[in-house]
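The lines below spell out each chain.
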Amino acid sequence: MINLLYFAGIRDLTGVPEEKAELAGRTVGELLEWAEVKYPGIRGGGARVAVNEEYALDGDVLAEGDTAAFIPPVSGG
């Protein structure tokens, strides 16, 4: 089981700030595919995934107890 966190506009899309999912042993890429099926459009905004507070690559493998956060693009000026 991994913990999923959703921030800003992504939270608005999912309707929940967090949830748990049986995705241990899967890659971040597979997590993104799972999220797109459950929440259509979640990948369209260019969100990044951080695992345990570090940005993750699609090939990184999720472990039991990990926390994955969906973070929308950040801009500033």
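Residues numbered from 1 in each chain as written. Predicted model: local features only at pLDDT ≥ 70, side-chain atom pairs only at ≥ 80, totals over all residues. Heavy atoms only, no water.

1. Comments concerning the overall build of the chain
Right, on to step 1. In terms of regular secondary structure, the chain is built from 2 helices and 5 strands.
Right, on to step 2. Ordered by position from N to C terminus, the α and β elements of the chain give β-α-β-α-β-β-β.
Right, on to step 3. Across its three principal directions, the C-alpha atoms of the chain cover 35 × 25 × 20 Å.
Right, on to step 4. Evaluated residue by residue, the chain yields a buried proportion of 31% over its 77 residues.
Right, on to step 5. Counting only contacts in the chain whose residues sit at least 6 apart along the sequence, the fraction spanning at least 24 positions is 54%.
Right, on to step 6. When the accessible surface of the chain is split by element, carbon and sulfur atoms take 52% of a total near 4,600 Å².
Right, on to step 7. Across the chain, the mean location of the 6 positive side-chain charges is 4 Å away from that of the 13 negative side-chain charges. (Helix = DSSP H or I, 4+ residues; strand = E, 2+ residues; numbered from the N terminus. Buried < 20%, exposed > 50% of the residue type's maximum accessible area, 1.4 Å probe, protein only. Contact = heavy atoms within 4.5 Å. Areas by Shrake-Rupley, 256 points an atom, 1.4 Å probe, with all protein chains shown as cover. Lys, Arg positive; Asp, Glu negative; His and termini not counted. Charge placed at Lys NZ, Arg CZ, Asp CG, Glu CD.)

2. Some words on the pairing of strand β1 (residues 2-6)
Right, on to step 1. On β1, burial follows the alternation: I2, L4 and Y6 on one face are buried, whereas N3 and L5 on the facing-out side are not.
Right, on to step 2. Note that β1 and strand β2 (residues 18-21) share 4 bridges and pair antiparallel. Note that in β2 the partner of L4 across the bridge is E19.
Right, on to step 3. Relative to strand β5 (residues 67-71), β1 runs parallel, the two being bridged by 4 bridges. For Y6, the partnering residue across the bridge sits in β5 and is F70. (Pairing = 2+ DSSP bridges.)

3. A look at the sheet that holds β5
Right, on to step 1. Spatially, the 5 strands line up as an open sheet ordered β2-β1-β5-β3-β4, and their pairing is mixed. Of all the strands in the sheet, the pair left with one neighbour each is β2 and β4 (54-55).

Functional significance is not addressed by these values, which are geometric in nature.
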